[in-house]
Structures are given as structure tokens and as C-alpha cells.
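What follows is each chain in one-letter form.
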Amino acid sequence: MSTLEIKDLKVSVSTDDGPKEILKGVTLTIKDGETHAIMGPNGSGKSTLAYSIAGHPKYDITGGSVTLDGQDVLAMSVDERARAGLFLAMQYPVEVPGVSVTNFMRTAKTAIDGEAPKLRTWVKDVNAAMSRMNLDSTFTQRSVNEGFSGGEKKRHEIAQLELLDPKVAILDETDSGLDIDALKVVSEGVNRFRGGEGKGVLLITHYTRILRYIQPDFVHVFVDGKIAEQGGAELADQLEAEGYDKYLTAKV
Ligand code: ADP
Ligand code: MG
Ligand code: MG
């Protein structure tokens, strides 16, 4: 069971000119087993939504609520959010020099489960997850994301997703910069994850391409910090044909 409920979420960042409101009241519920796609032009606040749910300190929540199965997510620390079952794959994954992939994943898994995974099966599980993402086994000994290509970073994020097996995954432009083969591998990983019992996915993307491989149940068009329109998978096709122009013109 997992329901992520976002209600009238308002978020600001501080700038030299004072606080700037980025999210202007976002309401969205991801129920058990649903995949929601958020599409929208650059700068519309998609990453802000992802980071705010994950608990990035840069973002000030000025209104609204986020709950996971009724628990107040916004009151939780970043660690607590992960333990509660939230996972964020970032648009720009950060490098963690000096920390190997295998140690990084083991620490994360231990934090989430409350106990360390058994070493023997863990090594096997990590290697299997990497190999499903077409990352060879030497990757597990490398520093997290250091020197990884764009596509390798994204594939590594999905390997993490499968290993950590959260309740709700927020994937921020996991498709950007992927060639067609990598896109397929990444999509297969996401589809395996969401094949699990009651898994929720919030898939943020700029392009409709990935939605051919990962069929969303709902599509939301995000414009200027708000949801401008919502529909089913067909809305993505309409966006593909028409672009975001009509929403942008409507704004001014
Ligand atoms: P998206 O992911 O949809 O491209 P973002 O959430 O990254 O959009 O950004 C939303 C808006 O917030 C952008 O216009 C961006 O410039 C603005 N923004 C983000 N951080 C800051 C900041 N520290 N100062 C000023 N503006 C910011
Ligand atoms: Mg962007
Ligand atoms: Mg973004």
C-alpha cells in the first residue's frame, strides 16, 4: 500500500531580491500502483517539485502538504523520507568522490531497512542490478558518479532504484541524454520496479519518447509552477504533436 498525496503545495527559493515563489499550489495524488508523468517546459518547476518532496534544504515550503500513507512527509528529515519509502533519481546526479558504488548502495540499503544486508547475497544483488543496467562489474568499485557519462549516471540511478526498492519513485528526467538502447534498458528497469506490489512512480520528463516504453496512467502538464492540464496517456501524444505553446501563450 502506498499513496503519495500532494495538496496545494507552495514552494519558494530565496534569491537576492527576496523569496521567489516557484510552486504555486500543486495538488496531485499518486495511488497504489499508479504511474504519473509530469511534463512541462524548462523552468516550470518540475525539479523543484521533486526536490521539495525529497527534502532538499534549498526549497522553502510555504504552504500545503505532502503525505505518504497519511504520514507527514514534510516533517521528516531526508533520511526519514527515504526510510518511509521515497526515492528520488535526480536530473543531475551528484558525484560522491571517495565513496564506491557498492558502499554507497549498502549504506543506503542499511539506512532504509534498519539493518545491513547480508554481505554474500548483497554483492550478488548489486552485481545483478548493475548488469541488468548494462554496467559492467568494475563500476561497483568506482566512486559514485565520478567520471560516469550522462547515460551511465542515469543507469546507475535505476540500478539503485531496483536495489533499494522504495514505495514511491520520483524520476526527474531520467531519460534525458540517453541514446535509444540506454533508454530501453532504463525503461525496462522502471517497468520491473513498478511491476512490484503497489509501487508508485512520478516520472518527470521533457519528452514523450520515454512514455512509449513506460506507459503512464496519468499525464500532468506543468506550467509556471502549477498543473495546467491533466489527462491520460493520450495527453502525451497531444503534447508531442502540439508542444507546450498553447499553455505558454495562455499564460500571458
Ligand atoms: P524545471 O525542472 O521544470 O526545468 P526547475 O524546478 O529547475 O524547473 O526551476 C523552476 C524555476 O525556478 C526556474 O525558473 C529557475 O530559474 C527557478 N529557480 C530555481 N532555483 C532558483 C534560485 N536559487 N534563484 C532563483 N530562481 C531559481
Ligand atoms: Mg529543466
Ligand atoms: Mg528540471
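An unreviewed UniProt entry lists the chain under the name Vegetative protein 296, from Nocardioides dokdonensis FR1436.

K.L.:
So what about the pairing of strand S3 (residues 35-39)? Which residues, and what values?
P.N.:
Across the 5 residues of S3, 5 count as buried, placing the element largely inside the fold. Side chains Thr 35, Ala 37 and Met 39 of S3 all project onto a buried face; the interleaved residues His 36 and Ile 38 project onto the opposite face, where all are buried too. Where S3 lies against strand S10 (residues 200-205), 5 bridges are found, and the strand directions are parallel. Directly across from His 36, in S10, lies its bridge partner Leu 202. By the bridge criterion, 4 bridges tie S3 to strand S11 (residues 218-223) in an arrangement that is parallel.

K.L.:
Report on the sheet that holds strand S5 (residues 71-72), specifying residues and quantitative values.
P.N.:
Here 4 strands make up an open sheet; going across it, the order is S2-S1-S4-S5 and the pairing antiparallel. Sheet topology places strand S2 (18-30) and S5 at the edges, where each strand pairs with a single neighbour. By the bridge criterion, 7 bridges tie strand S1 (residues 4-15) to strand S4 (residues 60-68) in an arrangement that is antiparallel. Counterpart to Lys 7 in the pairing with S4 is Ser 65. Docked against the sheet, helix H1 (residues 46-54) engages S1, S2 and S4, running at close to 80 degrees with respect to S2.

Procedures and definitions
Residues numbered from 1 in each chain as written. Chains lettered and ligands numbered in written order. Predicted model: local features only at pLDDT ≥ 70, side-chain atom pairs only at ≥ 80, totals over all residues. Buried ≥ 20, exposed ≤ 12 C-beta atoms within 10 Å, placed from the backbone. Helix = DSSP H or I, 4+ residues; strand = E, 2+ residues; numbered from the N terminus. Pairing = 2+ DSSP bridges. Contact = placed C-beta atoms within 7 Å. Axes fitted to C-alpha atoms, helices over the stretch in contact; angles between N-to-C directions.

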